[in-house]
Amino acid sequence: QVQFVESGGGLVQTGGSLRLSCAASRNTFNLDTMGWYRQAPGEQRRLVVGISRGGSTNYLDSVKDRFTISRDNAKNQVYLQMDSLKPEDTAVYYCNFIPPISTYWGQGTQVTVSL
C-alpha cells in the first residue's frame, strides 16, 4: 500500500505561481514513474505531467513552458512548480504513479486561479 499526500495549493491571481508537493510513503519510490494529475469541476481527471525514474519528463501541451515537474527520490517527494497560472488551470491536483493505481489516490490539493 502507498499513501500520497499532496500539498501547496491555494488561491492565486492570473499570472501567479504555486509549488505543489507530493509525499509518498513507499520506500521504493525512486523506481516508479510518477505523474501529476488534475480534475477540474465537471471534468474527468487527467494526466498533466509525468516524470520517469531517470528524470525524463512529458508535459500536457497546455502547460508546457509554464509547469515544471521534479522529484527528490531520497525524500520520496515529487514537486510541481506552476508559473504563469491561468484560470483554466483551476482544478484539484493529485499525484500518483503512471499508470495510476486507483486505490492510491490521495485527497489532492485545490488550485484556484482568479481573473
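See the structure above.
The text that follows walks through the structure, step by step, so that each part is easy to find.

Reading the values: the criteria
Residue positions are counted from 1 within each chain, in the order its sequence is given. Since the coordinates come from a predicted model, pLDDT governs what is reported: local features require at least 70, and pairs of side-chain atoms require 80 or more to be given and counted, while whole-chain, interface and lining totals use all residues. The side-chain figures draw on all heavy atoms in the structure; neither hydrogens nor water molecules are used. Where helices and strands are cited, they refer to DSSP runs of H or I of at least four residues and of E of at least two residues respectively, numbered from the N terminus. For a compact globule the rule gives 2.2 Å times the number of residues to the power 0.38, and the radius of gyration it is set against comes from C-alpha atoms. Working definition: with a 1.4 Å probe on protein chains only, accessible area under 20% of the residue-type maximum means buried, over 50% means exposed, and in between means partly exposed. Note on areas: Shrake-Rupley, 1.4 Å probe, and residue coverage restricted to the protein chains presented here. Charge assignment: positive for Lys and Arg, negative for Asp and Glu; neither His nor the chain ends contribute. Where a charge lies is defined by one atom per residue type, namely NZ (Lys), CZ (Arg), CG (Asp) and CD (Glu). By convention in these notes, a salt bridge is any Lys or Arg side-chain nitrogen within 4 Å of a carboxyl oxygen on Asp or Glu. We call a set of buried Ala, Val, Leu, Ile, Met, Phe, Trp, Tyr and Cys residues a nonpolar core when their side-chain atoms join them within 4.5 Å. Here, residues are in contact when the closest pair of their heavy atoms is within 4.5 Å.

**Some words on the overall build of the protein**
At step 1: Of the regular secondary structure elements, the protein holds zero helices and 10 strands.
At step 2: Its helices and strands taken in sequence order, the protein reads β-β-β-β-β-β-β-β-β-β from the N to the C terminus.
At step 3: The C-alpha radius of gyration computed for the protein amounts to 13 Å, which stays within 12% of the reference 13 Å derived for 115 residues, consistent with globular compactness.
At step 4: Dimensions of the protein, computed from C-alpha atoms along their principal axes, come out at roughly 40 × 25 × 20 Å.
At step 5: Here the protein holds 115 residues, and the buried ones make up 44% of them.
At step 6: For the protein, the exposed surface amounts to about 6100 Å²; the carbon and sulfur share of it is 46%.
At step 7: Each charge class in the protein can be summarised by its mean position, and for the 11 positive and 9 negative side chains these summaries are 5 Å apart.

**Regarding the pattern of salt bridges**
At step 1: Scanning the model with the defined rule gives three salt bridges in all.
At step 2: The partner of Asp89 in a salt bridge is Arg38, and the shortest N-O contact between them spans 3.0 Å. Of the two residues, Asp89 is situated in the loop between strand 8 (77-82) and strand 9 (91-97) and Arg38 in strand 4 (residues 34-39); the sequence distance between them amounts to 51 residues.
At step 3: Look at Arg38 and you get buried, because its relative accessible area is 10%.
At step 4: Taking the shortest distance from any N to any O, the salt bridge between Lys64 and Asp61 comes out at 3.1 Å.
At step 5: Each of Arg38, Arg66 and Asp89 takes part in salt bridges that share partners, so that together they form one network.

**Description of the nonpolar core**
At step 1: In this structure, Phe4, Trp36, Phe67, Ile69, Leu80, Met82 and Tyr93 are the most contacted members of the largest nonpolar core, which totals 29 residues.
At step 2: Elements that contribute at least two residues to this core include exactly strand 3 (18-24), strand 4, strand 5 (46-51), strand 7 (67-72), strand 8, strand 9 and strand 10 (109-114).
At step 3: Those residues in contact with Ile69 that lie beyond four places of it in its chain are Met34, Trp36, Val49, Gly50, Ile51, Thr57, Tyr59, Val78, Tyr79 and Leu80.

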